[in-house]
Every structure is written in structure tokens, then in C-alpha cells.
Amino acid sequence: MKKIVSLLCLAALCVLPFSCAKQDKAPEVKLGDGSVTITPASISIMVTETANLSAVTEGDAADYAVAWSTSDRSIVTVSKGKITGKKAGTATITANAGGFTATCEVTVKPYDATYVPVVDIALDPAEVTIVVPRTATVAATVVPANATNKPTLSWSTADASIATVTNEGVITAVAPGTVDVIVSGGNHSSVCKVTVIPDNKPTTEIVLSETSLKLPLGGSKVLEYTLFPIDHTDLPTISWSSDKPNIASVDQNGKVTATGEGDAIITAAYGNVKATCAVNVKEYAISTVAYMKKNFLPVTWSTASQSIVSNIGNITVEWLMNVEKWTNDDSNAVTTIFGIEGKWLIRIGDLPIKNNQLELAQNGGNWDSSKGLFDANKWYHVALTQNSSRQIQLFVNGELLETGTARAAVPSLTSNCFISKSYDNSRYIQGSIAEMRVWNTVRSAADIKANMYKVDPTSANLVAYWKFNEGTGKVVHDASGNGNDLTANADIEWRSVTLPED
């Protein structure tokens, strides 16, 4: 008889799959004692609405992954516990783990266009690492924000011996390990993966990106920090403070803002671990400059200035520069300062001269400075003068460096005049520029030295005065009031500086 019963059972198993065409069926194993529990045991959703079911396995059932199935896919579908309403009706969702099963009865209501269902609960962050015995707060948000009936959210932990959680989403580390913290509301839930690590390697040192800092009045800079040892296991919160916030204030992101002239000390602290930065604030003559890499400015003269530069005779051109590379990123060893290609052009570098040697290139030949060799990444004030007798003077940092004779008189500068461009767009200044001035006179040595960092914009014979201190956009204004505003080829990269340097 036992053999016959076995055969009958085998036959029944063979027939069974063909008798339930609409039901997802999982293979059954069922050994010993075990159980599966579905939460919730029954649920009501709308057509198109989704919900999350959870299954808990115990005993022998815990050795198997949960397989989900539905009694009628036309009414409700299921994937990894997430159900979706398809049409009005009722159906049964089954969770199977090694032959142990549990069911959830699902009622699907007709679609209601006025009802906005909840589709998810978003967590920020979705994963968190906490050091014993610290806490971390996770924010939970119902999605979408305009859901019709937003549920009350509740929090729970899968293992309170590893981490606990409050209904405000505050997770407290209890012991090393990993645990799921679950937030639930209505038909939905989300899981935050929590890793708890021991506090066995505390932070012992804070290193700031700057230990001393110069700021112009009104300027700001963010101080970065590094914690040591690199593999520290604590999660410190750095607090920032200033001993003189009326001189240099600091926010809790490390942003230092210069509020008054003087000296202040900025401190970053974590308990007894501290680091400091000495800040000096003063009203510098120049705090913003233009970085001209891969950029240039066509010089468009106003009507009034055109009559001057078309027959200028005597000229002084001044500028401040800090060039980071004398052979730029386009592999061009020419740094163009100001002028017209092939007529009258101040540039640095070109065959056969050195790429850090100043040259006045003109029709009929060039004048090369034998002493004007400039270092990279260093600020210079440079002034070049030429009078009606073609006599040249070159001043560097207010000192007369060299004299010479130009090959030709200064031509009309009314057309094809550029700053940071000559033969083509590859001959730009790969560096910063400021305080460029054009005069229709030969400035004296005393005047040049006394006014390297600023000059009275109403000075006589000042044709154009481009300070390059706008700080935004690509328009450079003519401070002289003569209307020679310039527009760069591209947006200018503006950089903060403190000039003159101490």
C-alpha cells in the first residue's frame, strides 16, 4: 500500500502544475519545523498602486530564499514582495520558503484619478556607519510629496542589540555588527542598512589646508581639514571658532570671511584635538584678478579714444602679470600682452628669443630685452614706454631695467588690437593679469613706481584703464571713464589675490 500511495502522490504532483494556469508556483521542499509570516496578512490597494509586503522566516524555513507568487496576475502582480494593482478584484499573494508558506489577501479597488497614492518612502541616507556609542539621524520622506493620505511613519530595528532607533529616525549604535533599520507607513516600508563599528582608533590630529592665511577685506576662503590617523574609527564633528570674529569670522563649514582689518586665529576642534590658522586681514590694493588661459579680449576703442590711438606718438603700457607657464597648454611659447600682430605688439617669447624674454615686435624688426627674463608663478609690474623719437624704456617692478630704440614709430592702434591674442588664439596669457593701462604719454620713473597697484582714474593722458577686478562675467570695464569697455572671448576665470605682496 505504501508503494501505491507514493505512486499516487507522484502522479498528483505531475498533474498539479497544469491545473493552476494563473498561479505562480514555487518548488516545495518542506523539511522539519519552520514557519513563514507575511506582514500585513491582508491589504487593500488601488489599480496602479504599489505596496511592499515583508516576509519573516523562522526555523528550517530560514535556510531558504523567499519565493513570491500571486494567485491571479491579472489582478495583482508581485516581485520581491512589492505588489502592484492591475484590475479590481481579489487575489492571494503567497510567500514560500522551502515549502513553508504564508499568504496575504489582496483587495484591488478601481482606479481613482483624484487619489494620489504613496509609491515609496525615501531615506537620506540609505546606508549609514555609526561608531559605538554615537548616533546618526536618517530622514524619511513620503514620495510623492503630494500624496493624498500621507501615512504616519514608524521606525523599528531588526536587532536592538546592535542598534536602536527612535520614531524621529535617530539611530544609536549599541554594539559592532550590521542591522536593518526599517521605516514603515501605510503600505510601504524602506530599509536603512546600518553598520556599527567599535570606537577603538580615535582621531588624534587635525591638519588644516592652511596654517596662515592672508585675506583682503571682505574676502573669504574655505579651510579644508584632514583627520589623522587616516583609518580613524570615530566620526568626529569639527567645530569652528574665531578668537576675533570682528576681524575674521568662520562658519561651521570652515568658511572664513574677512570682516575687519587685523589678525585673528581660527580654530578647528574635536574635543581636545585642535588645529589653528592665523589670519591676517587688510584692505589690499588688489584682491581680484583675471585668469586668461585660453581667453583673449579684442580692444574696441570708443570714438573719443580712436582719435588718440590712431596717432599716439608717445605711449606707456603698464600691466601686472603672474604667468604660470611660458609654454602654454597649446604648446605655444608666445605670451601675448597687448597690441597688433605685425605692427606693434608687446609679447613674451618667440623664436629665436627665450620664452620668458620680453619683445616689442614691429614692422621692420623687433626689439628684444636682453635683461627682461621673468620667472613663472611670480607677480610682476611691467611698464613699456616709447616716445616719438622711438626711444624705449622697460620698467619692471618700478625700476628702470633697460632702454633701447624701436624699429618704427607707434602705428595706429585702432583695429585688430588685442589683449592675450596675436597671430591666433593659441598665443594667450596662461596666467593672471590686472591693472592694465594705456597712456598717450611717456610716464616718468617716479610715477610708474608710485602707482604700480592703482592709479587715479581721472589722471591726465590716461586713455584706458582696465583693472580686471570685476569678479564675474566676461566684461572688463574701462575705469578711466573713456568708454573703452572690453568683452572677453569667453567667461573670465576670476581669482582672489592679495596684492601688493608683503
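All residue numbers refer to positions counted from 1 along the written sequence of the respective chain. At least 70 in pLDDT is required for a residue's local features to be given in this predicted model, at least 80 for side-chain atom pairs to be given and counted, and no such filter applies to totals for whole chains, interfaces and linings, which use all residues. Side-chain numbers come from the whole structure's heavy atoms, not from hydrogens or water.

> In this structure, what is going on with the overall build of the chain? I would like to understand it.
The helix and strand tally for the chain stands at 3 helices and 43 strands. When we talk radius of gyration, it's over C-alpha atoms, and the globule rule is simply 2.2 Å times the number of residues to the 0.38. Computed over the C-alpha atoms, the radius of gyration of the chain is 38 Å, more than 25% above the 23 Å expected from 2.2 N^0.38 for a compact globule of 502 residues. Oriented by its inertia axes, the alpha-carbon framework of the chain measures out at about 130 × 55 × 45 Å. The classification of residues rests on relative accessible area computed with a 1.4 Å probe and restricted to protein chains. Under 20% of the type maximum is buried, over 50% is exposed, and intermediate values are partly exposed. Looking at the chain as a whole, 42% of its 502 residues are labelled buried. Every residue pair with non-hydrogen atoms within 4.5 Å of one another is taken to be in contact. A sequence separation of at least 24 residues applies to 60% of the contacts in the chain between residues at least 6 apart. For the chain, the exposed area adds up to about 24400 Å²; of that, 51% sits on carbon and sulfur atoms. Distance between charge centres in the chain, computed from 40 positive and 49 negative side chains, equals 5 Å. Only DSSP runs of H or I covering at least 4 residues are called helices, and only runs of E covering at least 2 are called strands; the numbering of each starts at the N terminus. Only the protein chains shown count as cover for residues, with accessible areas throughout obtained via the Shrake-Rupley method and a probe of 1.4 Å. The charged-residue count follows a simple rule in which Lys and Arg add positive charge and Asp and Glu add negative charge, with His and chain termini not counted at all. To locate a charge, the coordinates of NZ of Lys, CZ of Arg, CG of Asp or CD of Glu are taken.

> Looking at this structure, I do not really get the environment of V116. What am I missing?
Along the polypeptide, V116 turns up in the loop between β9 (100-109) and β10 (120-124). Overall, V116 belongs to the partly exposed group, its relative accessible area being 25%. For the pair formed by V116 and N295, sequence separation is 179 residues and the distance between their alpha carbons is 53 Å.

> I tried to follow the environment of V396 on my own but got confused; where do I start?
Note on placement: V396 falls in strand β36 (residues 391-396). When neighbours within four sequence positions are excluded, V396 is seen to be in contact with F374, Y380, H381 and L401.

> Help me understand the pairing of β36 in this model?
For a regular strand, the rule is simple: side chains alternate between the two faces of the sheet. Whether two strands pair comes down to DSSP finding at least two bridges between them. Here 5 bridges tie strand β35 (residues 380-386) to β36, and the two strands are oriented antiparallel to one another. Bridging from a neighbouring strand, V382 pairs with V396 of β36. Joining the antiparallel neighbours β35 and β36 is a turn of 4 residues, in which R390 adopts a positive phi near 70 degrees. With 6 bridges connecting them, β36 and strand β37 (residues 399-405) associate as antiparallel partners. If you follow I392 over to β37, its bridge partner there is G404.

> What is the right way to read the pattern of salt bridges from this model?
Where side chains of opposite charge bring their charged atoms close, a pairing between them can arise. A side-chain nitrogen of Lys or Arg and a carboxyl oxygen of Asp or Glu constitute a salt bridge if their distance falls within 4 Å. On inspection of all chains with the given rule, the structure shows 15 salt bridges. The closest approach of N and O atoms between E318 and R437, which form a salt bridge, is 3.2 Å. Placement of the pair is E318 in strand β30 (residues 315-323) and R437 in strand β39 (residues 431-439), with a sequence separation of 119 residues. Its salt-bridge partner being K467, residue E435 comes within 2.7 Å of it at the nearest N-O pair. Of the two residues, E435 sits in strand β39 while K467 sits in the loop between β40 (462-466) and β41 (475-476), which places them 32 residues apart along the sequence.

> Is there a simple way to think about the sheet that holds strand β21 (residues 220-222) in this case?
The strands making up a sheet associate through backbone hydrogen bonding, with each pair oriented either parallel or antiparallel. The strand order β21-β25-β24 describes an open sheet built from 3 strands, whose pairing is antiparallel. Either end of the sheet is taken by a strand with one partner, and the two such strands are β21 and β24 (248-250). Across the sheet, the mean angle separating the axes of adjacent strands is 20 degrees when strand polarity is ignored. Sheet analysis places β21 next to strand β25 (residues 255-258), joined by 3 bridges and oriented antiparallel. Every axis corresponds to a line fitted to the C-alpha atoms, with the helix fit spanning only the stretch in contact, and the corresponding angles, defined between N-to-C directions, vary from 0 to 180 degrees.

> How should I be thinking about the side chain of N356 in this particular structure?
Examined against the element boundaries, N356 turns out to sit in strand β33 (residues 353-362). A relative accessible area of 17% places N356 in the buried class. Definition of a polar contact: a pair of N or O atoms within 3.5 Å, with one able to donate and the other able to accept a hydrogen when the atoms are protein atoms, and with sequence-neighbouring residues admitted only if both atoms are side-chain atoms. Within the structure, the side chain of N356 is placed 3.0 Å from the backbone oxygen of F374, a separation counted as a polar contact.

> It is not clear to me how the confidence of the model for the chain should be interpreted in this structure. Could you clarify?
A low pLDDT means the predicted coordinates there should not be read in detail. Think of pLDDT as the predictor's per-residue confidence, scored from 0 to 100. Per-residue confidence for the chain gives a mean pLDDT of 92, with 94% of residues at or over 70. Considering only residues more than four positions removed or in separate chains, one finds that residues 1-23, a stretch of pLDDT under 50, has 7 contacts.

> For this particular structure, what's the right way to read the nonpolar core?
Within soluble globular proteins, side chains that are nonpolar generally end up buried alongside one another. With 47 residues, the main nonpolar core has W301, M321, F338, W344, L358, I419 and W466 as its most contacted residues. Per element, the largest residue contribution to this core is 5 residues, and it comes from β30. Throughout, nonpolar core names a set of buried Ala, Val, Leu, Ile, Met, Phe, Trp, Tyr and Cys residues whose side chains join them through atoms within 4.5 Å.

> Would you mind going over the packing of aromatic side chains with me for this structure?
For any pair of aromatic rings, the description rests on two quantities: the centre-to-centre distance and the angle between the ring planes. Only the six-membered ring of Trp is used, alongside the rings of Phe and Tyr, when aromatic pairs are assigned; centres must lie within 6.5 Å, and planes under 30 degrees apart are stacked while those over 60 apart are edge-to-face, with the rest tilted. Tallied over the full model, the rule gives 5 aromatic pairs. Grouping aromatic residues by their ring pairs yields a cluster made of W326, F374 and Y380.

> What is the right way to read the sheet that holds strand β3 (residues 50-52) from this model?
With respect to topology, 3 strands assemble into an open sheet ordered β3-β7-β6, the strand pairing being antiparallel. Strands with a single pairing partner mark the edges of an open sheet, and in this sheet they are β3 and β6 (76-79). Within this sheet the neighbouring strands show an average axis-to-axis angle of 20 degrees, counted without direction. Across 4 bridges, the pairing between β6 and strand β7 (residues 82-85) is antiparallel. Its bridge partner lying in β7, V78 is registered against I83.

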